[in-house]
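Chain residues, written in single-letter form:
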Amino acid sequence: MNTQGRKTTPDVESAAATDVGTYTGNRALVHEEPLIFELDNPGVTGVDLEAVPAVASRLGGLKAREGVGLPGLSEPTVVRHYTRLSQKNLGIDSTMYPLGSCTMKHNPRLNEKLARLPGFGDIHPMQPQSTVQGALELIDQLAHWLKTLTGMPAVAMSPAAGAHGELCGLMAIRAALQARGEAGRTRVLVPESAHGTNPATAAFCGFTVDAIPAEANGRVSVEAVKAKLGPDVACIMLTNPNTCGLFEPQVKEIADAVHAAGGYFYCDGANYNAIVGRVRPADLGVDAMHINLHKTFSTPHGGGGPGSGPVVLSDALAPYAPLPYVVHGADGFRLVEHEGEVEQGAQPFGRLKAFHGQMGMFVRALAYIMSHGADGLRQASSDAVLNANYLKARLQDLMSVPFDGYCMHEALFDDRFLKDTGVTTLDFAKAMIDEGFHPMTMYFPLVVHGAFLIEPTETESKATLDQFVGAMRHLAGKAKAGDAAHFLAAPRYTPRRRLDETAAARKPVLRWTPPAA
Amino acid sequence: MRYLPLTEADRQEMLAAIGAPSVDALFGDVPAAAHLTQPIAGLAPHQGELQVERALSRLAARNVPAGSCPSFLGAGAYRHHVPASVDQLLTRGEFLTSYTPYQPEVTQGTLQYLFEFQTQVALITGMDVANASMYDGATACAEAVLMANRVTRRNRAVLSGGLHPHYRDVTATTTGVLGVDLVTLPADPKGIEDLAAAIDDKTSCVVVQNPTLFGHVADLTPLAEACHAKGALLVVVVTEVVSLGMMPSPGSMGADIVVAEGQSIGNGLNFGGPYLGLFATRDKFVRQMPGRLCGETVDADGRRGFVLTLSTREQHIRREKATSNICTNSGLCALAFTMHLSLLGELGFTGLARLNHAKAVQLADKLAAAGVTVLNQGFFNEFTVQVKGDAAALVDTLAAELILAGVPISRLHPGQVALADLLLVAVTETTTEDDMDALVQALGGKQ
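Here, residues in each chain are numbered from 1, in the same order as that chain's written sequence. Here the convention is simple: chains get letters from A, ligands get numbers from 1, in the order in which they are written. pLDDT decides what is reported in this predicted model: residues at 70 or higher carry local features, side-chain atom pairs at 80 or more are listed and counted, and totals for whole chains, interfaces and linings draw on all residues regardless.

Chain B is annotated in an unreviewed UniProt entry as Probable glycine dehydrogenase (decarboxylating) subunit 1 of Nitrospirillum viridazoti CBAmc. Its UniProt record gives chain B the following Subunit (unreviewed entry) comment, quoted word for word: "The glycine cleavage system is composed of four proteins: P, T, L and H. In this organism, the P 'protein' is a heterodimer of two subunits." UniProt positions are given in the numbering used here, feature names are shortened, and annotations may be inferred rather than shown by experiment.

Labelled according to an unreviewed UniProt entry, chain A appears under the name glycine dehydrogenase (aminomethyl-transferring), originating from Nitrospirillum viridazoti CBAmc. The Catalytic activity (unreviewed entry) field of the UniProt record for chain A holds the comment "N(6)-[(R)-lipoyl]-L-lysyl-[glycine-cleavage complex H protein] + glycine + H(+) = N(6)-[(R)-S(8)-aminomethyldihydrolipoyl]-L-lysyl-[glycine-cleavage complex H protein] + CO2". Its UniProt record, at the heading Function (unreviewed entry), says of chain A: "The glycine cleavage system catalyzes the degradation of glycine. The P protein binds the alpha-amino group of glycine through its pyridoxal phosphate cofactor; CO(2) is released and the remaining methylamine moiety is then transferred to the lipoamide cofactor of the H protein."

(A) Focus on the overall build of chain A. Labels follow the DSSP assignment, with helices taken as runs of H or I lasting at least four residues and strands as runs of E lasting at least two, numbered in each case from the N terminus. The secondary structure content of chain A amounts to 14 helices and 12 strands. Along the first, second and third principal axes, the C-alpha set of chain A runs to 85 × 75 × 50 Å. With C-beta atoms placed from the backbone, the exposure class of a residue follows from how many other C-beta atoms lie within 10 Å of its own: 20 or more, buried; 12 or fewer, exposed; in between, partly exposed. Scored against the burial criterion, the 517 residues of chain A give a buried share of 57%. Taking the contacts inside chain A whose residues are at least 6 apart along the sequence as the reference set, 73% of them involve residues at least 24 apart. Think of it this way: build a C-beta for each residue from its backbone, and any pair within 7 Å is a contact.

(B) Geometry of the UniProt feature "domain: Glycine dehydrogenase C-terminal" (unreviewed entry) in chain A. Annotation from UniProt places "domain: Glycine dehydrogenase C-terminal" (unreviewed entry) at residues 380–478 of chain A. End C-alpha atoms of residues 380–478 of chain A are separated by 34 Å, and the span's content is 43% helix alongside 8% strand.

(C) Just the UniProt feature "domain: Glycine cleavage system P-protein N-terminal" (unreviewed entry) in chain B, in detail. Per the UniProt annotation, the sites labelled "domain: Glycine cleavage system P-protein N-terminal" (unreviewed entry) are residues 1–443 of chain B. Helix makes up 36% of residues 1–443 of chain B and strand makes up 13%, while its end C-alpha atoms are separated by 53 Å.

(D) Molecular detail of the sheet that holds strand 1 (residues 129–130) of chain B. Residues and elements named next belong to chain B. Sheet architecture is open: seven strands sit in the order 1-7-6-5-4-2-3, paired in mixed fashion. Looking at strand neighbours, the two that pair on one side only are strand 1 and strand 3 (181–184), the edges of this open sheet. Lines fitted to C-alpha atoms define the axes, with helix axes restricted to the stretch in contact, and inter-axis angles between N-to-C directions lie between 0 and 180 degrees. The strands touched by helix 7 (residues 137–152) within the sheet are strand 2 (156–159), strand 4 (203–209), strand 5 (233–238), strand 6 (257–261) and strand 7 (277–281), with strand 6 carrying the most contacts at an inclination of about 170°. For two strands to be treated as a pair, DSSP must find at least two bridges joining them.

(E) Representation of the domain arrangement of chain B within the structure. Residue and element names in this part refer to chain B. A domain assignment, automatic or from a database, supplies the domain bounds used here. The assigned domain composition of chain B is domain 1 (66–81 + 346–446) and domain 2 (84–340). The partner domain 2 presents 25 residues to the 28 residues of domain 1 that form the contact. Of all elements in the fold, only helix 11 (331–369), strand 11 (382–386) and strand 13 (422–426) reach the threshold of two or more residues within the side of domain 1 that touches domain 2. The leading source of residues in the side of domain 1 that touches domain 2 is helix 11, at seven residues.

(F) Structural detail: the domain arrangement of chain A. Residues and elements named next belong to chain A. Each assigned domain of chain A is listed here: domain 1 (112–368) and domain 2 (374–503). Placing the centre of domain 1 and that of domain 2 at their C-alpha centroids yields a distance of 30 Å. Contact with domain 1, which involves 18 residues of that partner, is made by 21 residues of domain 2. In terms of residue class, the side of domain 1 that touches domain 2 is built from eight nonpolar, eight polar and two charged. Each residue is assigned to one of three groups, with Ala, Val, Leu, Ile, Met, Phe, Trp, Tyr, Cys and Pro labelled nonpolar, Asp, Glu, Lys and Arg labelled charged, and all others, Gly among them, labelled polar.

(G) Spotlight on the pairing of strand 9 (residues 304–309) of chain B. Residue and element names in this part refer to chain B. The element strand 9 is extensively covered by neighbouring structure, given that five of its six residues are classed as buried. In terms of strand pairing, strand 8 (residues 293–298) meets strand 9 through six bridges, oriented antiparallel. Among the inter-strand pairings, Val298 is bridged to a residue of strand 9, identified as Arg304. Linking strand 8 to strand 9, which pair antiparallel, is a turn of five residues; within it Gly302 sits at a positive phi near 80°.

(H) Main features of the UniProt feature "domain: Aminotransferase class V" (unreviewed entry) in chain A. With numbering matched to this structure, UniProt assigns "domain: Aminotransferase class V" (unreviewed entry) to residues 192–302 of chain A. Spanning residues 192–302 of chain A, this segment combines 23% helix with 18% strand, and its end C-alpha atoms are found 29 Å apart.

(I) Representation of helix 11 of chain B. Residues and elements named next belong to chain B. For a helix, the expected span equals 1.5 Å multiplied by the residue count minus one. Over its 39 residues, helix 11 extends only 45 Å from the first C-alpha to the last, a length that falls short of the 57 Å expected when each residue adds 1.5 Å. To get the bend at a residue, fit one axis to the 7 residues ending there and another to the 7 starting there, then take the angle between the axes. In the structure, helix 11 departs most strongly from a straight axis at Gly345, where the bend amounts to approximately 100°. Of the residues trailing helix 11, Gly371 is marked for its positive phi of about 90°.

(J) Fine view of the interface of chain B and chain A. Taken residue by residue, the interface counts 177 residues in chain B and 175 residues in chain A. Looking at the side of chain B that touches chain A element by element, the count peaks at 24 residues for helix 11 of chain B. Within the side of chain B that touches chain A, the residues separate by chemical class into 88 nonpolar, 62 polar and 27 charged.

The structure is reproduced here in structure tokens:
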């Protein structure tokens with residue numbers, strides 16, 4: 001190599017220099033990036049539009065708007081802006097992202113490619129149905145997989161996310177109760193370990209919420225449920241596997257008791273990914289369960305959506321599924337969009353969303369499902385559970401485990417191991433960031449003090465898990481050794497250090513405003 | 001299986017570390033009767049990338065992409081040109097494969113674009129504040145009614161007959177279970193209705209779409225005054241956000257809540273989803289808003305940063321007392337929106353709106369010249385025409401000739417004989433002169 005006389009080894013002494021700051025505030029690969037409004041160069045635009053035809057406007061007498069206040073940016077500026085913003089984010093692509101109950105597994109890029117085929121991405125929801133037969137067939141195929149995997153006879157495809165699916169399920173239950181002349185059933189049983197969307201959805205649907213306490217073993221007991229049952233109970237909303245990462249061993253007895261009391265069993269399927277191909281929810285007595293396609297079937301989480309939350313339904317609830325839905329007609333597939341078009345016996349409770357559901361997510365989920373197949377899906381849930389148990393086994397001597405025994409797809413720890421260390425779950429999470437991991441879900445479920453809910457998913461290798469275990473053991477050891485300062489100062493290596501959330505809420509600044517002239 | 005990194009040797013080693021005899025043993029809490037020992041029968045086994053791509057491409061090929069032929073479909077979903085850089089940036093893994101920014105130190109990218117998004121939405125709607133997105137325009141509409149009820153402590157909402165029927169139905173379904181009294185005015189294709197007369201002292205809000213489903217545009221200022229005189233809020237629905245580049249902003253006309261479908265900016269048609277709901281309001285109502293909000297703050301070193309804020313409104317804190325049950329929203333669609341709108345900027349956004357409007361005027365004139373009746377006096381990029389005979393049948397016939405002529409009103413308002421011959425026609429910057437001529441010939445010729 002011709003080095004032209006340049007030194008090719010670093011000067012160790014000067015390389016040890018401390019942080020001296022930079023003129024720009026940038027730190028090499030991480031840039032200080034202004035807001036788009038601060039990059040405004042009036043008169044510049046990032047698009048070239050054809051000339052506007054010279055016609056008189058016909059806005060019904062309205063005066064055309066002048067001055068929206070948007071900034072002017074060129075395409076290179078925009079590309080650089082968002083590239084720099086992306087570099088301030090962690091994703092599954094960057095690192096292990098064990099955010100419990102969120103199922104941050106690998107997002108295959110094949111699925112992105114297929115969702116962008118013009119035949120899926122560029123079809124209008126109101127096209128004549130003869131021109132979208134492939135799309136309707138795709139919805140039907142995905143529905144077939146979801147029904148067969150869960151053993152349930154029907155599925156409502158339109159809900160836009162998990163919480164929207166909960167709403168769908170509860171509305172179907174409400175409609176079924178009304179049809180039975182039992183609209184007086186207004187109480188919904190929700191274990192206190194439930195995700196916040198469960199009680200919020202029940203209230204959003206006009207029900208009252210009655211909490212079921214968790215047992216000391218992290219499960220819900222059939223006795224506790226029976227003690228709450230009565231003629232005014234509409235349903236139970238039970239997450240299984242539950243939010244503690246445990247399978248509810250009495251789930252069938254609970255379902256039977258609820259049914260015997262005239263109620264329905266809504267299963268929160270947020271954790272269905274642990275049991276796909278190993279357990280069919282129908283065999284557990286489930287009447288309705290949403291499936292988060294963005295969790296179990298790996299459609300990208302996209303910084304907070306879009307999700308998709310189809311709801312599988314039992315025979316008792318199937319007639320009340322919302323509009324629209326796809327049926328097999330004599331000459332192909334048909335969308336049933338209106339009450340006047342429904343078949344005998346169907347009594348849709350209404351409509352939850354404009355158009356027909358999250359088609360873009362359906363394509364991705366079906367591609368994921370077909371890639372795995374029945375065998376691969378079962379292997380995926382098996383590996384997810386194996387990975388979580390491996391983490392639990394490797395960490396339980398140093399961290400504190402609230403519930404003994406095997407877990408499902410996520411390992412739950414509490415903060416007893418941090419007692420008297422001066423380190424909280426939050427501090428620990430921030431130190432994990434410096435180790436290069438996205439933290440686990442913290443302080444949820446609420447039934448465990450200072451919860452660490454760690455969901456590795458099946459797409460992490462043993463080597464990654466071992467590195468994660470090493471980092472966690474290192475940090476647990478540091479905390480126990482009294483090095484609280486290490487945690488309180490964390491994270492150190494992120495684009496921003498800890499942010500003041502209290503100040504943000506006290507005096508909310510929710511948008512940019514031009515600086516006073 | 002290409003997505004599963006564990007080898008059989010890994011699995012055995014891990015089981016040994018766990019002290020479990022088998023993976024089956026880990027599922028010991030599953031009732032034996034429900035624990036399947038074999039893959040579920042009747043479902044295909046795993047397939048390679050090539051095979052999956054082949055199978056799904058075959059399904060895709062059985063659909064007619066709107067961009068492959070003259071298309072005039074609108075009614076709440078619009079085919080606009082999305083710059084190539086939007087999708088290229090969107091698929092960066094740091095955006096695509098991240099989640100809700102619960103840990104702000106590792107999600108400043110997401111939080112900053114949400115802050116910028118909220119600002120852009122506030123600017124185009126002419127409102128003070130916007131949230132970080134809802135599922136779609138229709139669900140945002142339902143949430144707006146519930147919010148208006150909370151703000152006014154009233155329980156009666158008036159819906160314009162010009163409201164998109166899906167929005168009307170989603171609102172009815174969502175608020176119906178809570179016993180909200182909805183007054184829905186009949187759909188008048190000429191856009192004549194007296195909303196002000198429907199307001200009484202129990203009315204929490206009036207929900208009006210502008211432009212309406214039929215494409216009519218209106219100055220909402222008098223309606224806002226009528227609402228406010230009775231202590232009610234004005235909720236303005238916008239299904240075509242490009243219109244905000246030319247139409248007076250809802251905020252300037254007195255809106256209290258603006259909800260919109262944001263699909264037109266940055267997002268493809270995708271057969272109706274995923275889309276994104278925009279939700280904007282006045283500062284004084286911010287604590288009654290549904291959904292996530294991103295706010296500005298400082299970090300431990302005093303540097304500007306962003307966090308999710310005011311979360312005491314939300315389900316994960318407030319549970320059954322939350323303002324909404326929404327959790328996952330439309331993050332990535334919001335990113336597409338904000339990137340496209342950044343590219344457009346002031347010149348592009350206002351220019352795009354004028355281009356859409358001018359082309360729509362051109363088509364309306366061409367159709368009128370060919371003897372087709374256009375119902376609208378004023379419109380933005382979509383209007384209603386009267387055809388001879390059944391509009392749905394005509395649309396089906398033309399689809400066979402690869403012309404997507406528009407949305408028959410009967411697809412959205414079925415069973416109303418008076419509306420059966422009405423066709424909703426939308427024009428965007430993607431519409432060419434040839435497209436227009438094809439439609440004029442088709443409709444003129446069929447008259």
